[in-house]
Amino acid sequence: MHNLNTLLSGVDFKVRKVIESYQKEKEKNEVLSKEKVELLSIIENQQKVINDLVEKNKILKLKNVINNSSDSTAIKLKINELLREIDRCIDLFTQKG
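As a starting point, this report considers the structure included with it.

What counts, and where the lines are drawn
Residues numbered from 1 in each chain as written. Predicted model: local features only at pLDDT ≥ 70, side-chain atom pairs only at ≥ 80, totals over all residues. Heavy atoms only, no water. Helix = DSSP H or I, 4+ residues; strand = E, 2+ residues; numbered from the N terminus. Rg over C-alpha atoms; globule rule 2.2 N^0.38 Å. Buried < 20%, exposed > 50% of the residue type's maximum accessible area, 1.4 Å probe, protein only. Axes fitted to C-alpha atoms, helices over the stretch in contact; angles between N-to-C directions. Parallel < 35°, antiparallel > 145°, perpendicular 65-115°, else oblique. Left-handed = near helix turned anticlockwise from the far one by under 90°. Contact = heavy atoms within 4.5 Å. Salt bridge = Lys/Arg side-chain N within 4 Å of Asp/Glu carboxyl O.

## Things to note about the overall build of the protein chain
Stage number 1. Helices and strands together make up the secondary structure of the protein chain, namely 2 helices and 0 strands.
Stage number 2. Against the globule reference of 13 Å for 97 residues, the protein chain gives a C-alpha radius of gyration of 31 Å, more extended than a compact globule.
Stage number 3. Judged by the C-alpha coordinates and their principal axes, the protein chain covers about 100 × 30 × 15 Å.
Stage number 4. Relative to its full complement of 97 residues, the protein chain shows a buried share of 3%.

Written out as structure tokens, the structure reads:
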């Protein structure tokens, strides 16, 4: 009978340790999940900033082409390129809607 009580005490101790370990890991998981959400939000915001900067860069390049070029062909080509890009964007919006 004494061995059975000792065995049960040992099992009870181990079960408590497993439960304690589970609770700690569960808390860590919750913290990591919150951190992941925050990081994804930061990534999304940074991607928006990057896209804005890319667009500003395109505008500045176009401005430089127009200012530095008396060649109207280069200007027309750049305008046509921008129009094609606008058309692609419009197509993407109409496909989603």
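## Quick look at the packing of helix H1 (residues 2-68) against helix H2 (residues 72-96)
Stage number 1. Running from N to C, H1 and H2 point in directions that differ by 160 degrees, and their axes come no closer than 9 Å. Looking at the two axes, H1 sits roughly antiparallel to H2. Here the hand of the crossing between H1 and H2 comes out left-handed. Contacts between H1 and H2 involve Glu 55, Lys 58, Leu 62, Val 65 and Ile 66 on the former and, on the latter, Ala 74, Ile 75, Lys 78, Leu 82 and Glu 85.

## Topic: the pattern of salt bridges
When their charged atoms lie close together, side chains carrying opposite charge are able to pair.
Stage number 1. Enumeration over the complete set of coordinates arrives at 6 salt bridges.
Stage number 2. In this structure, Glu 20 engages Lys 24 in a salt bridge whose closest nitrogen and oxygen atoms are separated by 3.6 Å. Separated by 4 residues within a single helix, Glu 20 and Lys 24 lie in helix H1, roughly one turn from each other.
Stage number 3. One continuous salt-bridge network, built from bridges that share partners, spans Glu 55, Lys 58 and Glu 85.

## Quick notes on the environment of Leu 83
Stage number 1. Tracing the backbone through its elements, the reader meets Leu 83 in helix H2.
Stage number 2. Between the C-alpha atoms of Leu 83 and Gly 10, which are 73 residues apart in sequence, the distance is 76 Å.

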